[in-house]
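Now for the letters of each chain:
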Amino acid sequence: MIKIAIDYYPEHWDRSLWEDDVRAMAELGCYAVRVGEFAWSRMEPAEGVYDFGWLDDAVELIARYGMKVILGTPTNCAPLWLYTEHPDTVQCERDGQRTHLGIRGHRCQTSPTFRAYAEKIVRKMAERYAGRPEVLAWQIDNEVESNHCTCPSCQERFQKYCKDKHGTLEQLNRDWGTVVWSGEYSDWSQIECFNTAWVNKSDWFNPAYMLEYERFCSETTAEYVAFQAALIREYDPAATITTNACFGLHVQDFYKEFAPLDVASYDNYPPLEIPEDANEVYSNAFALDMVRGWKNKNFWIMEQLGGPMGCWMPTTRAMEPGMLEGYALQAVAHGADLLSFFRWRTAATGAEMYCFGLLDHDNKPNRRLKELELLQHRLAKIEGLEDTTVEAQVALVFSPDQSYNFANQAQSRGFDYWRQERLFHDTLMGLGVNVDVVSDAEPLDPARHKLVIVPAYAVTSDAFAEKLEAYVRSGGHAVLTARSGAKDANGNCTVGEYLPGKFARMAGCRVLESDAIGEAVQTLRDSNGNVHNIGVWCDLLELDGARAIAEYDQRYYAGMPAACRNAYGEGSCSYVGTIGDKSFHRALLVSELRLAGIDFIENLPAGVESSTRAGGGREYRFFFNNTMKNHTFFYQGKRVTLQPLEVKISTSDGAWL
Ligand code: GLA
Ligand code: ZN
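Residues numbered from 1 in each chain as written. Chains lettered and ligands numbered in written order. Predicted model: local features only at pLDDT ≥ 70, side-chain atom pairs only at ≥ 80, totals over all residues. Heavy atoms only, no water.

*Asks:* Before we go on, may I ask you to explain the pairing of strand β1 (residues 3-7) in this structure?
*Replies:* On a regular strand, one side chain projects to one face of the sheet and the next to the other, so that they alternate. Most of β1 is tucked away: 4 of the 5 residues are buried. Alignment of β1 against strand β9 (residues 336-342), held across 4 bridges, turns out to be parallel. Of the residues in β9, the one forming a bridge with isoleucine 6 is phenylalanine 341. Across 3 bridges, β1 lies against strand β2 (residues 32-35) in parallel orientation. When the sheet's bridge partners are listed, aspartate 7 is paired in β2 with arginine 34. Handedness of the crossover joining β1 and β2 through helix α1 (residues 15-27): right-handed. (Buried < 20%, exposed > 50% of the residue type's maximum accessible area, 1.4 Å probe, protein only. Helix = DSSP H or I, 4+ residues; strand = E, 2+ residues; numbered from the N terminus. Pairing = 2+ DSSP bridges. Right-handed = clockwise from strand over helix to strand, strands pointing away.)

So this is what it looks like as structure tokens:
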């Protein structure tokens, strides 16, 4: 059965509450309880003084009620004694100042002093709990974000990273094109850490340098997570280890971060307020498919939405009836095998006292808990679901480099890499097509994915261009969009060739000129004569073997191709030189799916998503109404109605669950 767990912070509550809490979780049929993260000051109240008695009691109590624990290492929050006695463990802001203490997550991930203390506490925990039957898994730290710290330790590491990668200063100056504005480095010590998100005017900095810095921060974080995983494995080589990811201010390369871990996990907080505007892309399904792609297998949710969010932002609207269940089943549809709800009872103290858990402060049974109970009953009836996986014929390539590149330098107002990824993904969900969100470092194989979508692939290595070309040549279908091939692997513009540069031959077209239209809305006409809105960017194309599939409708380039498709080798490559609205994406993808021979569902109402899990000879097709309206449609001759946020599941043997 798909497993339900609970995030619990025993250290926040009076002991008199513990047993009632744990008993109630067990009565709900929970499989596990996540404890320990953030509790360093209780585990090591003073330097070298360890107290695990309280955690032993909590683990013992949870086990007595038949549940397992997921243990969090507490390193997100070092105790104040550590920070004050060793200020070099505190993260630095962009001005080089140590950050203000008293919140969380302000440890420097590279500080040797911090690492030494982190190692000690992780070893103490592992020594005590690793390999015990009560321990289901370990969670490293909490929501580790790409380490954008400017402290001397990070600075030194960044300089070493640059040295290792570029070899000499001459080479680095060439690779980054630092001659502009006399930015040539004459000493490694001149290379500084740089917090792009904290600098208001990142547009004045060298994009190649910013890209390299983002790569460095990402690698640092992956290494920090791997360091903790290795420690735990010393005590239990068979331990199941994860870390709970989120998409924060600084996004690292999660594919690399999860490589040494056993299972990907994610903190799943879908929107509580669903926009009415049909052109908005708000579905959370993209994030879930991306998480599955980190390890190419089913995943866990370490924090699943259990109540209205708030505190560090004004409290959101209450959860709509059906929302807790609908969002949980949406996660299951995309491959979640365990969902740990955040959190048992809402904190009564601390910054998150208005960030609601399953129970309110009154600690009385409520609508959300009731819904969780119903969800449990429903999951219990769906036998075999835990043995299924999500198989997709479409891959959406996600590239951390492009994410950094466009975040640092959007080039046109509204040029948002993530939004483009989501637009494609959202459209495929509305067509009932499974999608793998894969790293650009992964092999591409037409036998696995018949269609590969590669939005805005600007920073281009030879290796990736060759890989994609080989994929198309051997029968794959690819879709490329505007800015593809615009930069080399260092993040500098390519010179002396028409775009899409390294992809031009395969795309069968040339970009003659571009118009950064930003927030202006223009139109194009597709090959069926339908008109769609476009924005942000327009490449004016000249065909070189390809066939136009859309033409601009306005301005001096009316009648010029906006998108085209080229037969290449055994496959095809489409190039889309603009960013269309949802209707454009739908028209484009319908024709791509037909070309690639991939089945889809044509008649789902807007906002209804569908995807499948399959295994053991049975397929489960999920339908999720991600809107606040009722919807009705026909599927295999049957009339299906969905309430707002409702999920229905149809199985290949004709059952509806
Ligand atoms: C994050 C954190 C949790 C908590 C929740 C609140 O996901 O991991 O500790 O702060 O957000 O929504
Ligand atoms: Zn640092």
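*Asks:* Can you walk me through the packing of helix α8 (residues 207-235) against helix α13 (residues 400-408) in this structure?
*Replies:* Packed helices, taken two at a time, are described by the angle between their axes plus the distance between the axes. Across the interface, α8 lies against α13 with an axial gap of 10 Å and an inter-helix angle of 130°. With respect to their mutual orientation, α8 and α13 come out oblique. Note on packing geometry: the crossing formed by α8 with α13 is right-handed. Touching Met210, Leu211, Glu214, Arg215 and Ser218 of α8 are Asp401, Tyr404 and Asn408, all from α13. (Axes fitted to C-alpha atoms, helices over the stretch in contact; angles between N-to-C directions. Parallel < 35°, antiparallel > 145°, perpendicular 65-115°, else oblique. Left-handed = near helix turned anticlockwise from the far one by under 90°. Contact = heavy atoms within 4.5 Å.)

*Asks:* In this structure, what is going on with the sheet that holds strand β12 (residues 451-454)? I would like to understand it.
*Replies:* Strands in a sheet are paired, the pairing made by backbone hydrogen bonds, and the direction either parallel or antiparallel. Here 10 strands make up an open sheet; going across it, the order is β11-β10-β12-β13-β18-β17-β16-β14-β15-β19 and the pairing mixed. The open sheet terminates on both sides in strands that have one partner only, identified here as β11 (435-439) and β19 (578-580). Direction aside, neighbouring strands of the sheet carry axes that sit 20° apart on average. Sheet topology note: the strand β14 (residues 509-526)/strand β15 (residues 531-543) ladder contains 11 bridges and is antiparallel. Following the sheet pairing, valine 511 is matched in β15 by leucine 541. In the packing of helix α14 (residues 417-430) onto the sheet, contacts are made with β10 (394-398), β11, β12, β13 (477-481) and β19, and the angle to β10 comes to roughly 170°.

*Asks:* Could you clarify how one ought to interpret the nonpolar core in this entry?
*Replies:* With 172 residues, the main nonpolar core has Leu55, Trp138, Phe341 and Leu468 as its most contacted residues. Other than its neighbours up to four places away in sequence, leucine 468 contacts Leu444, Val452, Val454, Ala478, Leu480, Phe503 and Met506. (Core = buried A, V, L, I, M, F, W, Y, C linked by side-chain atoms within 4.5 Å.)

*Asks:* Would you explain the sheet that holds strand β24 (residues 647-651) in this entry?
*Replies:* Taken together, the 3 strands give an open sheet; going across it, the order is β20-β21-β24, and neighbouring strands pair in antiparallel fashion. The open sheet has two edge strands, β20 (608-615) and β24, and neither has a second partner. Direction aside, neighbouring strands of the sheet carry axes that sit 20° apart on average. The sheet contact formed by strand β21 (residues 618-625) and β24 spans 5 bridges and is antiparallel. In the strand pairing of β24, phenylalanine 622 is matched with isoleucine 649. With respect to the sheet, helix α11 (residues 323-333) is in contact with β20, β21 and β24, its orientation differing from that of β21 by roughly 140°.

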